[in-house]
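The chain contents come next:
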Amino acid sequence: MRRVTLNISVIGTGYLGATHAACMAELGFDVIGVDVDPEKIDSLSRGELPFHEPGLPELIRKHVDSGRLRFTTDMSEVGAWGDVHFIAVGTPQVKGGTGADLTYVDAATTSLVRSITKSGALIVGKSTVPVGTAARLYDLVQQQKNPGVELSLAWNPEFLREGFAVEDTLRPDRLVVGTRTEADEAKLREVYAEALGRDTPWVSTDFETAELVKVAANAFLATKISFINAFAEVTETVGGDISTLADAIGFDDRIGRKFLNAGVGFGGGCLPKDIRALQTRVAELGLDHSMKFLDEIDQINLRRRKKAVARAFELLDQDVVGKKIAVLGITFKPLSDDVRDAPGLDVAARLFNAGADVQVYDPEGNKNAAKRYPRLGYVDSLTEAVKDAELVVLTTEWNEFKALTPADLQDLVAAKRFVDARNVLPAAEWEAAGWTFAQLGRKFNG
């Protein structure tokens, strides 16, 4: 491993921060993770995570044991020690609104600046923020830094995929940095020297572009998902195969096949909140017409959840009251335990509220879902979920569910009815086995 000399702190040890801290230690840096929550710090120090991310607990334990990684609640510990300080706190959707809540970013930056006594340190924002935030924080840093201490600020957006966060941090597909000085860029090049040695694309730009890159990427992905789901609304009415349509247009390299999977839509803690926050921010700038299309993107996405519920009603002859329905998967995507704005959880809740007896099974998400919606029935296995079910609804494409065959379930269920809301199972095979089988994007003829 190459010799590194920079000391790195990561402020905020949630999903982004814990991952970044562990990966910086893996790259050879001495790292301190800082958080205000003592219980979280204690858990991380034992290599225990409050969320599911493959490979991350092992990486944290490895470097806690190696001595390169430790966690603290004391911000002053990093003030005289750190050379580069990453801000990695959350920016949730503001309560009662659609904008980004910058409370945690502002508080973390202010507390950090006041603690720094080592001149020449660089503060690097990684949180997803509205455009204009970095410039405002740069001024805050200059105004509140300790006398005689030289400090600067840069912005370095993250592009992590839940389930692949370690890989995405250690081997990113691109690195974007917004800086105001060549010295700040040089310091970030030192941080990311290993990735740059593999010819990882490096985009050096201004604050505003760096802030916009992340939300632009998420807005584009949300648009692509909702685009194919808008066509699914058409094929559900006139007929046609939405998956074949996606394959056909995906061969065009200007379009590509990724994210053209029709189904119950997107969710999670990023795409929904980021497109809403972007609309709010551009409206503040007097440019609400520029991103007006994102409101329809949001609405198309939410309609997919209603359509999955409608399919369930169709298969049960419009009467779900008292019917046992198995919902398979309630995280917003596989390889995650994240149920924030998760389509599957929304579908399960809607069916429950309509009077159904809903039994939910997810390999990782039950515990978090139970905190958000405790009235649902949560079970520990697929077998328990589908036992005596009058309808099975697949809403998250875990491998366990994608591998299902009609024979796996036919002796367990009370009735052979299935809604594949992710379009991952071969419809012809299930129909040939006597199942009433519906998918989103396919015309349903009963």
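Structure's up top.
Residues numbered from 1 in each chain as written. Predicted model: local features only at pLDDT ≥ 70, side-chain atom pairs only at ≥ 80, totals over all residues. Heavy atoms only, no water.

**What about the pattern of salt bridges?**
Between side chains of opposite charge, a pair can form as their charged atoms come close.
Next, step 1: By the definition in use, this model includes 31 salt bridges.
Next, step 2: When the shortest N-O distance is used, the salt bridge between Asp-106 and Arg-136 registers 2.9 Å. Here Asp-106, found in helix α5 (residues 103–115), pairs with Arg-136, found in helix α6 (residues 133–144); they are 30 residues apart in sequence, far enough to count as distant.
Next, step 3: With a relative accessible area of 24%, Asp-106 lands in the partly exposed category.
Next, step 4: Shared partners join several salt bridges into a network, and the residues in it are Arg-276, Asp-298, Arg-305, Asp-341, Asp-346 and Arg-350. (Salt bridge = Lys/Arg side-chain N within 4 Å of Asp/Glu carboxyl O. Helix = DSSP H or I, 4+ residues; strand = E, 2+ residues; numbered from the N terminus. Buried < 20%, exposed > 50% of the residue type's maximum accessible area, 1.4 Å probe, protein only.)

**Some details on the side chain of Gln-279**
Next, step 1: Along the chain, the position of Gln-279 falls in helix α12 (residues 271–284).
Next, step 2: Within the local environment of Gln-279, its side chain forms a polar contact with the backbone nitrogen of Asp-295, the two atoms lying 3.2 Å apart.
Next, step 3: Ignoring anything within four residues of it in the chain, the contact list for Gln-279 reads Met-291, Lys-292, Leu-294 and Asp-295. (Polar contact = N/O pair within 3.5 Å; in protein donor to acceptor, adjacent residues only side chain to side chain. Contact = heavy atoms within 4.5 Å.)

**Describing the environment of Arg-311**
Next, step 1: Structurally, Arg-311 is set in helix α13 (residues 293–315).
Next, step 2: We classify Arg-311 as buried; its relative accessible area is 2%.
Next, step 3: Considered as a pair, Arg-311 and Ala-421 are 110 residues apart in the sequence and their alpha carbons are 9.0 Å apart.
Next, step 4: In this structure, Arg-311 is in contact with Glu-236, Val-419, Ala-438, Gln-439, Leu-440, Arg-442, Lys-443 and Phe-444, ignoring residues within four places of it in sequence.

**So, the packing of aromatic side chains**
Next, step 1: Taken as a whole and assessed by the stated rule, the structure comprises 10 aromatic pairs.
Next, step 2: For the pair Phe-352 and Tyr-373, a centre-to-centre distance of 6.3 Å together with 80° between the ring planes defines the contact as edge-to-face. Taken together, the residues Phe-352 in helix α14 (residues 343–353) and Tyr-373 in the loop between α15 (366–372) and β11 (377–378) connect sequence positions 21 residues apart.
Next, step 3: Under the relative-accessibility criterion, Phe-352 is labelled partly exposed at 24%.
Next, step 4: Ring geometry for Phe-418 against Phe-437: centres 5.4 Å apart, planes inclined by 25°, an arrangement best described as stacked. Placement of the pair is Phe-418 in strand β13 (residues 417–420) and Phe-437 in strand β14 (residues 436–439), with a sequence separation of 19 residues. (Phe/Tyr/Trp six-rings, centres within 6.5 Å; stacked < 30°, edge-to-face > 60°.)

**A word on the sheet that holds β14**
Next, step 1: Taken together, the six strands give an open sheet; going across it, the order is β11-β10-β9-β12-β13-β14, and neighbouring strands pair in parallel fashion. For this open sheet the edge positions go to β11 and β14, each flanked by a neighbour on one side alone.
Next, step 2: The pairing of strand β9 (residues 324–328) with strand β10 (residues 357–361) spans five bridges and is classified as parallel. For Ile-325, the partnering residue across the bridge sits in β10 and is Val-358.
Next, step 3: This element, α13, spans β12 (391–394), β13 and β14 of the sheet and lies at about 165° to β13. (Pairing = 2+ DSSP bridges. Axes fitted to C-alpha atoms, helices over the stretch in contact; angles between N-to-C directions.)

**Describing the nonpolar core**
Next, step 1: Judged by nonpolar contacts, the single largest core of 38 residues is most densely connected at Ile-8, Val-31, Phe-86 and Leu-188.
Next, step 2: Among the elements that take part in this core, helix α1 (residues 15–26) stands out by supplying seven residues, more than any other.
Next, step 3: For Leu-188, the contacting residues outside a window of four places in its chain are Phe-86, Leu-122, Val-124, Ala-154, Val-177, Thr-179 and Trp-202. (Core = buried A, V, L, I, M, F, W, Y, C linked by side-chain atoms within 4.5 Å.)

**Quick word on the layout of surface pockets**
Next, step 1: Considering only enclosed or pocket space, the second largest pocket measures out at about 190 Å³ in volume.
Next, step 2: What lines the second largest pocket is a set of 14 residues, among which Ala-216, Ala-219, Leu-278, Met-291 and Phe-293 lie closest to the centre.
Next, step 3: Looking at the lining of the second largest pocket, the elements that each hand over two or more residues are α10 (207–238) and α12.
Next, step 4: The leading source of residues in the lining of the second largest pocket is α10, at six residues.
Next, step 5: The class makeup of the residues in the lining of the second largest pocket is 12 nonpolar, two polar and no charged. (1 Å grid on protein atoms, 1.4 Å probe; cavity = no way out; pocket = protein on both sides within 12 Å on 5 of 7 lines; lining within 4 Å. Points joined across faces, edges and corners; volume = space filled by probe spheres on them. Nonpolar A, V, L, I, M, F, W, Y, C, P; charged D, E, K, R; others polar.)

Structural measurements only, silent on function.
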